[in-house]
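Each chain, written out:
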Amino acid sequence: MSGFLSFLALGLMAAVLAVLLAGLVNMMRNGPGNASQRLMRARVLLQGLAIIVIVGAILIARSKGGS
C-alpha cells in the first residue's frame, strides 16, 4: 500500500509543478488575474493533498517496521 502512496505522492508533486508553471506562464504573459487566482488555489490544494499523502506513506511504512 505504501508503494501506491509513493506513486500517488509523485503524481501529486508533478501536478503541483505543472500548476505552478502554468501560473508563472500566465503571470509572465500578463494573463487575467482570475486565472492566476484559480491556479494559486489549485496549487495550494494539491500541495496540501501531497503533504497528507506523504505523511500517510511515512506513517504506514513506520507501522510496518520500516525505519
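Caption draft 1: Main features of the overall build of the chain. From N to C terminus, the chain includes two helices and zero strands. Its C-alpha atoms give the chain a radius of gyration of 15 Å, more than 25% over the compact-globule value 11 Å for 67 residues. The buried share of the chain, taken over its 67 residues, is 18%. Contacts in the chain between residues at least 24 apart in sequence constitute 71% of all its contacts with a sequence separation of at least 6. Just so you have it, the chain exposes about 4,900 Å², and 71% of that area is on carbon and sulfur atoms.

Caption draft 2: Fine view of the nonpolar core. In terms of nonpolar packing, the biggest core is built from nine residues, these being Leu5, Ala9, Leu12, Val16, Val19, Leu46, Ala50, Val53 and Ala57. For this core, the secondary structure elements donating two or more residues are helix H1 (2-28) and helix H2 (33-63). For this core, the element with the most residues is H1, which contributes five residues. If sequence neighbours within four positions are ignored, leucine 5 has contacts with Val53, Gly56, Ala57 and Ile60.

Caption draft 3: Region of the structure containing the environment of isoleucine 58. Looking at the element boundaries, isoleucine 58 is found in helix H2. Along the backbone, isoleucine 58 and serine 6 are 52 residues apart, and their C-alpha atoms lie at a distance of 9.3 Å.

Reading the values: the criteria
Residues numbered from 1 in each chain as written. Predicted model: local features only at pLDDT ≥ 70, side-chain atom pairs only at ≥ 80, totals over all residues. Heavy atoms only, no water. Helix = DSSP H or I, 4+ residues; strand = E, 2+ residues; numbered from the N terminus. Rg over C-alpha atoms; globule rule 2.2 N^0.38 Å. Buried < 20%, exposed > 50% of the residue type's maximum accessible area, 1.4 Å probe, protein only. Contact = heavy atoms within 4.5 Å. Areas by Shrake-Rupley, 256 points an atom, 1.4 Å probe, with all protein chains shown as cover. Core = buried A, V, L, I, M, F, W, Y, C linked by side-chain atoms within 4.5 Å.

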